[in-house]
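Structure assessment
This is what each chain is made of:
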Amino acid sequence: MIILFATQAHRSTHRSLERHPDIDFRVMPYERLLRARRLPQATYIFSDLDRLHFWDLECVATIYRQLRDAGARVVNNPARHRSRYQLLRHLKLRSINEFNVWHADDEPPTDVYPVFLRTDSAHRGTLTDLLHTPVALRDALEEQISRGVPRREIIVVQYAAEPVREGLYRKLAAYRIGDRVIGAPCAHQETWVAKYGQRGIAPEELYEEEYKMVTDHTHADAMRPAFQHAEIEYGRADFGLFKGKNQVYEINTNPFFYGLKSHPFEIRLETFKRFEDNLVHALSEIDTPSRTTRHKLPDGRTWRAWFGDLYRSRRLSRWPRLP
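Here the structure is a predicted model, which is why all the values come from computation and not from measurement.

1. Section: the nonpolar core
Membership of the largest hydrophobic core comes to 23 residues, with the highest contact counts inside it found for Tyr175, Ile177, Leu279 and Leu283. Taken together, the elements giving at least two residues each to this core come down to β1 (2–6), β2 (25–29), β9 (169–177), β10 (180–189) and α8 (266–285). Per element, the largest residue contribution to this core is five residues, and it comes from α8. Residue contacts for isoleucine 177: discarding those within four places in its chain leaves Ile182, Glu233, Tyr234, Leu279, Ala282, Leu283 and Ile286. Within the second largest apolar cluster, 21 residues are counted, among which are Met1, Ile3, Tyr44 and Ala72.

2. Re the pattern of salt bridges
If you walk through the whole model with that rule in mind, you get 18 salt bridges. Among the ionic pairs, aspartate 216 bridges to lysine 212, the shortest N-O distance being 2.8 Å. Of this pair, aspartate 216 and lysine 212 both sit in helix α6 (residues 204–216), four residues apart, which is roughly one turn of that helix. The salt bridge partner of aspartate 238 is arginine 236, with a shortest N-O separation of 2.8 Å. Its relative accessible area of 3% is what places aspartate 238 among the buried residues. Residue arginine 236 is classed as buried on the basis of its relative accessible area of 14%. The network of salt bridges with shared partners includes Arg80, Arg82 and Glu231.

Cut-offs applied
- Residues numbered from 1 in each chain as written.
- Predicted model: local features only at pLDDT ≥ 70, side-chain atom pairs only at ≥ 80, totals over all residues.
- Heavy atoms only, no water.
- Core = buried A, V, L, I, M, F, W, Y, C linked by side-chain atoms within 4.5 Å.
- Buried < 20%, exposed > 50% of the residue type's maximum accessible area, 1.4 Å probe, protein only.
- Helix = DSSP H or I, 4+ residues; strand = E, 2+ residues; numbered from the N terminus.
- Contact = heavy atoms within 4.5 Å.
- Salt bridge = Lys/Arg side-chain N within 4 Å of Asp/Glu carboxyl O.

This is the structure we're talking about:
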């Protein structure tokens, strides 16, 4: 059994895997986890970490530690999670990325334009189009703040993308599952903000190229250091090619997984089927056989109640050992 923890509002991302006949995959909302008194024997994936409030993030990091110390297989340490700004700055400092990122109160150098705005948390996409001057950046910041976007959430990101064909952009993707990195389907779009993609917009040769990237895991070796530096063991990296080098835009720990039932090009259906097979196989490698053993707190309380009492008593270094 594999149990993936996600926020209640975003628990539907893996519905196709929950229905898959070849794997026992379940999604449990954090809201339910924090009210739980015991958990079944399983592999546990901590996802959706960027959407957690700091208190809940600290609490689930405690649960991660308890499960790990009890011998369970746990994936994605919440205590090591980085925000979008921290991740992008970290990858820049380690020469994984060529582009940089700044806080709203920083002043980017004049030679890094164009830039754009987005938020440090969540997955709402960009806040602005490309900004080509410091004056345009200041005006855009004031406009977003006047709309109610908190200043502390706004980050400035240097633009690093280029079209794969004239007027057509492609976002690449790769998954890490445990020790494996596998290729994933792309997103093709007419704008540089290639997020969800547009159906059938690419020529057939690009879909054939996508199939090869998924079957051969073309970018796996190049993307592995990004996952390792990010300390993410399960997630999807969204990246693109810029001046011949991979640029990682984000790593989503709760990626939306879905199948494809129809498409103008048959090769894309084959791509999605091959990706699904690869993903299920990789998940099977980190699966834990279901047994009667259950992880629980010795006094029968919920984890949230236990953690709250422990926090208030200022004895955070004294963790009880699970049976």
